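Given next are the chains, with one letter for each unit.
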Amino acid sequence: MKTNLWRFLVVCVVLALTAPSLIGCQPQPETTTEAPQVQPTEAPAAEPTLAGAEPPTEPEPVTLHVGTTYIWDTANPTFGWYNYNLRNLIYDTLIEWGDIDTFEPDLAESWTVSDDGLVWTFKIREGVTFHDGTPCTAEEIAWSLNWTIENEIETFSFYLANFAEVVALDPTTLQVTLSDPVGNMESALLLFTWILPPSVWDGMSYDEIMEFEGVAAGIGTGPYKLVEWVEGEYLILEAFEDYWRGRPAIDRVVYREFATDDVMIQALLAGDIDVIDMVPGPGVQSLESADTVEVLIMDSLFIDELIINSHENGTQPASLNDPQVRLAMEYAFDRGQIITLGYLGYGEPATTVLPTSMGDWHNSDIKPILFDPVEGNRILDEAGYLDTDRDGIREDGEGNPMEYRLYATDSASNARILEVISDGLSQIGISAPPTVMNEDSLIGLYPDFDFDLIYWGWGLDPDPDFAMFIFTCDQREEGGWNDSGYCNEDFERMYEEQAVTVDQEERRELIWEMQQKLFDDRPYLVSTYYDNIQAYRSDRFTGFGLGCGDILWKWCFLQGSPIE
Amino acid sequence: MQRRDYLIRKIFFAFITLIVVAFFNFLLFRILPGDPVRLIIHSPRMTREAQERIRTNFGLDKPVWFDGERLHEGDVIGAFDSQFTAYVRNLLRGDLGISFAHRQDVSTLLAERAWRTVVLLLGGDLLAVVLGMTAGLIGAWRRGTRLDLAILLWGLFSWALPTFFLGIILLILARGRLPVGGMVTAGLKPEAGLTYWLDVGKHLILPTITLAVVYTGEYILIMRSSAMEVLSEDYILTAKAKGLSTFRILRDHALKNAMLPMVTMIALTLGYTVGGAIQVETVFSWPGLGRLMYEAVQKRDYPVLQGSFLLLAISVIAANLLADLLYSALDPRVKAE
C-alpha cells in the first residue's frame, strides 16, 4: 500500500513536470518568428453570407482592435447605457452628430419645417437596408419612432416627448407633427434616436423587449453589423456590405476587454490592439514616447463638478444653503491643483456647466473665480461664521460647526481630488473629511438627498438642453437626473422658454442667462472640462476625423483607413 | 476498523462544515449595504412599477427569513415563503438560481468560468509544487552552502513578490512575442481544434510562469525547513552509514517524511485554486472565477456570490478531506489516533 502510494505520487510529480512544460514550451519557438497573432481562419461555415467568397482569393480582412475596460452590459439597445460610440457604429439616426457642435444628414437627406415650427418634413434616403436585408424606408422609420414612443424605450424615448404624430407620407417622406415647437430638433432630439428594424422588434411585449438579447438585437442600418459578443472578453463587428455610404474601409472592428488600464497600454505598445478608447492620464507619457502610437488629446463634452446639496428637504446643514458660504467655498476650490493632481493636467479650469467645447453655447462672460482662501475667509467672517471655540472650524449663528460630508466614487484620482478639496475648505475653516465609496452606495444616498458634497461628473449632449434639464425640479424624483436637488422658479421658467425657442440666437441668450443663474446659485462648483485622451497605432491606421472628440464616433471613425 | 471510523468521522465533519457554510453564505451577502435592484436596472429613469416587476422576478420582494405578521395570523406556510426557504429549496434541488447581472443560470456560468480558472492555474500550481519541493530538498541537503543560500533567497524573494507586479513586468518583457492578456484570440472557437488550443496555450504561458514563480517561494521555504528537520534525524545518518546513494536517501527517507506538511500545503493551494486568483486573472484579463466573483460583489449579484462561495467552500473542504486521507495513508500514527 505504502509503496503504491509513493509510486502514485512520483507519477503525479512527473506528470506535473511534463504537462505544463508541454503547454508552456511548445509555442515558444514559433513566437519568436512572427509577432502578430495568426488570424482565426474566418470560419466561413458559420457565416452564410461569406460562404460564396472562397478563402484563397480573399485577402486578409483589415481588422482594427479596440481596447476598452468595459464593452457593454447588453446587446439590447433599448436599455443599454454603455459605449454609445460602439452602438453608433451599428445603428443610424435621422440626423447624425458629426463634429462636436455640428450635425449632419444621416437617414434623412434633408428636411423642412413649417412656419409655426410644428410640422417637420424629412426627405428620407433611398436604398437603405437593415443588416438583415429588410428595407428601411420612411415607413420603417415611422414605425421605429412610434414604437419607441409607445414602449417608452428607456434609452431615448424622452427625447421624443413632444412628438404628437409620426407618419410616412410615402417611402421617402416622413412627417413629424409636434405638440409644441422644439428649440433643438436637429441638435438633440434626433441625434440619439436609433432607427430599429420592425422585422426584429415588432410584436414584442414590453417584457420581451427588455429581455431580448443576442446578435439580432444588434441589427440596424449602420456601417457595421454585430457578429459576436462574448461577455467580459470581446465583441466583433463586421463591415456591412450594403451600407448606404458604401462599405467601410476597415473590414472588422474587434473590441477587447481588459481588466486594467496598465495592461491595455502594454497591449497598444505591443500592437495587440490598435486603439484605446480612453487613456488614463498616467499612461499618456509612455504612449507618447512610442513612435508607432499617436496620442490624441481632444476637447470633450465631459465635466466634473462638486455637487452641493441644494434640496430644501435634504439632510445638509443649514449653513450650506447660504449663498455667502457657497461663494466662500468657490474661493477655497483650487481648480488648478485639482486638474494637476486629478487629471495630470489634461483639463481646463471650468466656470459654467457648459464646457467651452460647446462653442457659442458656453457663456464666456462668466469669469473664473481664482483660488483665494484669504478672500474666502473674509466673506465668512463678514457673514458671521466665526470660530468661537477656537478649534479651527467655524460655527454658524447657532453654534453648529461647519462640518460637511464629502463623498466621491472610489477611484485613485478621486481620492487625490477629494484631498485637494478638503484641504482647500480647511483653509477657510470648513471641515470636510473625504470619504470614497462605491457607486451604488453613492447612488443609494439620492432618494433622501442624504449628503452634503459629492464630487462627480457628466458626459453632456452637444445641445445645451440636457445640461440644463438636469437642474429642473421634476428631475428630483427618484430615477431622475437632478443630482443636486436644485429647484428654482426663474430657472424653470427660462428652461421651458428655451425649449420652445426656435430662433437659435434668442435661445443662446436664454442659455447664457441660465448659466449665470446656476453660477450664482452654485448647486455645482464645476471643476474642469477635461480632455478625452485616445491613442491609436499610427503605423497601421490613418485619417480618423479629430473633430468629434472621439475617433471611434461613427462620423470620425469612417474617415479612417488602414495603411497598406 | 479504526481506519473506517476515522474516514467516517472526517466525512461527517466535512458535511457539517458544508451546511454551516451554505447557511452563512446566504446571510453574509444580505448584510452587505446596497440594493441589487438598483444595479439590475440599468437606467436611472426606470419607473417604480418596472422596478417592482424586477424585484418580483428575482424573488426580492419576499421577506429575507419569514414574514412575522403572517406568522402571527397563523399562516405558517405563507409566512415562511421567504428568500431563505427558496434558497434552501433550490439548493437541495441543485439549482443555484439565475444571475442578476448576467441573466443566466448560475451553475452554467460557474461551470464555464471554473474550467477556465482551472486551466489557468493548474499548470502554474503544479510547476510550483515540483520546483519548490525539489529546490527546498536540495537546499536542506546542501544546508549552509552558497547553493542553499541562493535557494533560500530565491524562496524569500518570490514569496514576497507581488503577483500583479511580476505579471506586468513579464507582459512588458514578452511584448510583441506573446499575446497581452485574454484567453483566446477574438473569434476563435474550440471547433477550430488544434489551432484553438495552441492559441490558448500561447495565452497561458505568461500567467503560468507568474504563478509558478510566485507560488514556489512558499513551497521552497516549507520543504526546506521540514526536510532539514528530517535530515538531522539519526536514521538518515544510519542510511548514510549503510552506504546508500544521496538520491536514495533523499527520495526514500528524507522526502517521504518531509512530505507531511507539504501535503497540507498542496491540498490547500489546490482547494483555493478553484476560487481563482483574482490578481492573475486581472492582470491577464482572464475571464475566470476570480473576476466573476469580484464583479459579482460590485454588482450585489447574490446568486453568483452564493454559488461561487459554495463552490469555493466545497473545493476547500474536499481538498482538506483529501489531505486528511493522504495523511492517514502517509503517516501510520494518524490512524492510531
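Residues numbered from 1 in each chain as written. Chains lettered and ligands numbered in written order. Predicted model: local features only at pLDDT ≥ 70, side-chain atom pairs only at ≥ 80, totals over all residues. Heavy atoms only, no water.

Here we take up the overall build of chain B. Helix and strand counts for chain B stand at 16 helices and 0 strands. Partitioning the contacts of chain B with sequence separation of at least 6, the portion at a separation of at least 24 is 71%. When the accessible area of chain B is evaluated, it comes to approximately 16,600 Å², of which 65% is carbon and sulfur surface. (Helix = DSSP H or I, 4+ residues; strand = E, 2+ residues; numbered from the N terminus. Contact = heavy atoms within 4.5 Å. Areas by Shrake-Rupley, 256 points an atom, 1.4 Å probe, with all protein chains shown as cover.)

Often, the extent of an interface is quoted as the loss of accessible area upon association of its parts. All names here are of chain B. Assigned domains within chain B: domain 1 (11–92) and domain 2 (111–336). On the domain 2 side, the residues contacting the 19 residues of domain 1 number 12 residues. Here domain 1 packs against domain 2, burying approximately 1,400 Å² in sum over the two surfaces, 75% of which is carbon and sulfur. Connecting domain 1 to domain 2 are 0 salt bridges. Of all the elements in the fold, those that place two or more residues in the side of domain 1 that touches domain 2 are α1 (2–31), α2 (36–40) and α6 (83–92). Sorting elements by how many residues they give to the side of domain 1 that touches domain 2 places α1 first, with 11 residues. (Domains from an automatic or database assignment. Buried area = accessible area lost by both parts, 1.4 Å probe. Salt bridge = Lys/Arg side-chain N within 4 Å of Asp/Glu carboxyl O.)

Moving on to the state of the cysteines. Residue and element names in this part refer to chain A. Inspection of the entire model under this criterion finds 2 disulfides over all chains. With a sulfur-sulfur separation of 1.9 Å, Cys473 is cross-linked through a disulfide to Cys487. Judged by the sign of its S-S torsion, about 90°, the cystine formed by Cys473 and Cys487 is right-handed. Of this pair, Cys473 sits in the loop between α15 (465–469) and α16 (489–499) while Cys487 sits in the loop between α15 and α16; the two residues are 14 residues apart in sequence, bridging distant segments of the chain. (Disulfide = S-S within 2.5 Å.)

This part covers a negative patch on the surface. Residues and elements named next belong to chain A. On the surface, Glu489, Asp490, Asp503, Glu506, Glu509 and Glu513 cluster together into a negatively charged patch. With respect to the element layout, Glu509 can be found in helix α17 (residues 504–521). On the basis of relative accessible area, Glu509 is assigned to the partly exposed category, the value being 47%. (Patch = residues over 30% accessible without salt bridge, like charges linked within 9 Å, V, L, I, M, F, W, Y side chains within 5 Å. Lys, Arg positive; Asp, Glu negative; His and termini not counted. Charge placed at Lys NZ, Arg CZ, Asp CG, Glu CD. Buried < 20%, exposed > 50% of the residue type's maximum accessible area, 1.4 Å probe, protein only.)

We now examine empty space enclosed by the protein. Residues and elements named next belong to chain A. Counting across every chain of the model gives 3 cavities of 30 Å³ or more. What the largest cavity holds in volume is close to 80 Å³. Looking at the lining of the largest cavity, the elements that each hand over two or more residues are α17 and β18 (524–530). Each pocket or cavity is described by its volume, and for the second largest cavity that value is around 50 Å³. Asp299, Ser300, Glu348, Pro355, Thr356, Ser357, Tyr529, Tyr530 and Asp531 together form the lining of the second largest cavity. Taken together, the residues that form the lining of the second largest cavity break down as 3 nonpolar, 3 polar and 3 charged. (1 Å grid on protein atoms, 1.4 Å probe; cavity = no way out; pocket = protein on both sides within 12 Å on 5 of 7 lines; lining within 4 Å. Points joined across faces, edges and corners; volume = space filled by probe spheres on them. Nonpolar A, V, L, I, M, F, W, Y, C, P; charged D, E, K, R; others polar.)

Here we come to a nonpolar patch on the surface. All names here are of chain B. Together, Phe12, Phe13, Ile16, Val20, Phe23, Phe24, Val64, Trp65, Phe66, Leu71, Val76 and Phe80 give the surface a local cluster of nonpolar side chains, amounting to about 1,000 Å² of exposed area. Sorting elements by how many residues they give to the nonpolar patch places α1 first, with 6 residues. Checked against the element boundaries, Phe12 lands in helix α1.

As a further point, take the sheet that holds strand β5 (residues 119–124) of chain A. Residue and element names in this part refer to chain A. Pairing is antiparallel across the open sheet formed by 4 strands, whose spatial order is β4-β5-β7-β6. The open sheet has two free edges, formed respectively by β4 (108–113) and β6 (163–170), since each of these has just one partner strand. Along the sheet, successive strands turn relative to each other by an average axial angle of 20°, direction set aside. When β4 meets β5, the two strands line up antiparallel, connected through 5 bridges. Across the sheet, residue Val113 finds its bridge partner in β5, namely Trp120. The strands touched by helix α4 (residues 138–150) are β5, β6 and β7 (173–178); relative to β6, the strand with the most contacts, the crossing angle is about 165°. (Pairing = 2+ DSSP bridges. Axes fitted to C-alpha atoms, helices over the stretch in contact; angles between N-to-C directions.)

Quick look at the packing of helix α11 (residues 335–342) of chain A against helix α13 (residues 412–426) of chain A now. All names here are of chain A. At a minimum axis distance of 9 Å, the contact between α11 and α13 shows a crossing angle of 160°. It follows that α11 is roughly antiparallel to α13 by the angle criterion. Between α11 and α13 lies a crossing of right-handed hand. Residues Gln337, Ile338, Leu341 and Gly342 of α11 lie in contact with α13, whose contacting residues are Ser413, Arg416, Ile417, Val420 and Ile421. Here the residues of the contact of α11 with α13 sort into 5 nonpolar, 3 polar and 1 charged. (Parallel < 35°, antiparallel > 145°, perpendicular 65-115°, else oblique. Left-handed = near helix turned anticlockwise from the far one by under 90°.)

Attention now goes to helix α10 (residues 323–331) of chain A. All of the buried residues in α10 of chain A are Val325, Arg326, Ala328, Met329, Glu330 and Tyr331 of chain A. Where α10 of chain A begins, one side-chain oxygen reaches toward the backbone nitrogen of Gln324 of chain A, 2.8 Å away; that side chain belongs to Asp322 of chain A. (Polar contact = N/O pair within 3.5 Å; in protein donor to acceptor, adjacent residues only side chain to side chain.)

A pair of packed helices is characterised by two quantities: the angle between their axes and the separation of those axes. All names here are of chain B. Two numbers describe how helix α7 (residues 106–141) lies on helix α14 (residues 289–299): the axes approach to 8 Å, and their chain directions differ by 135°. The angle between the axes of α7 and α14 places the two elements in the oblique class. In contact with Leu109, Leu110, Arg113, Ala114 and Thr117 of α7, α14 contributes Leu289, Gly290 and Leu292.

A word on the pattern of salt bridges. Residue and element names in this part refer to chain A. Scanning the model with the defined rule gives 30 salt bridges over all chains in all. Asp251 is paired through a salt bridge with Arg247; the nearest N and O atoms lie 2.6 Å apart. By relative accessible area, which is 38% here, Arg247 ends up partly exposed. Here Arg378 makes a salt bridge to Glu375, at a shortest N to O gap of 2.8 Å. Residue Arg378 and its partner Glu375 are both found in helix α12 (residues 373–382); the two are separated by 3 residues, about one turn of the helix. Judged by its relative accessible area of 38%, Arg378 falls in the partly exposed class. When salt bridges with common partners are traced through the structure, they connect Asp92, Asp106 and Lys554 into a single cluster.

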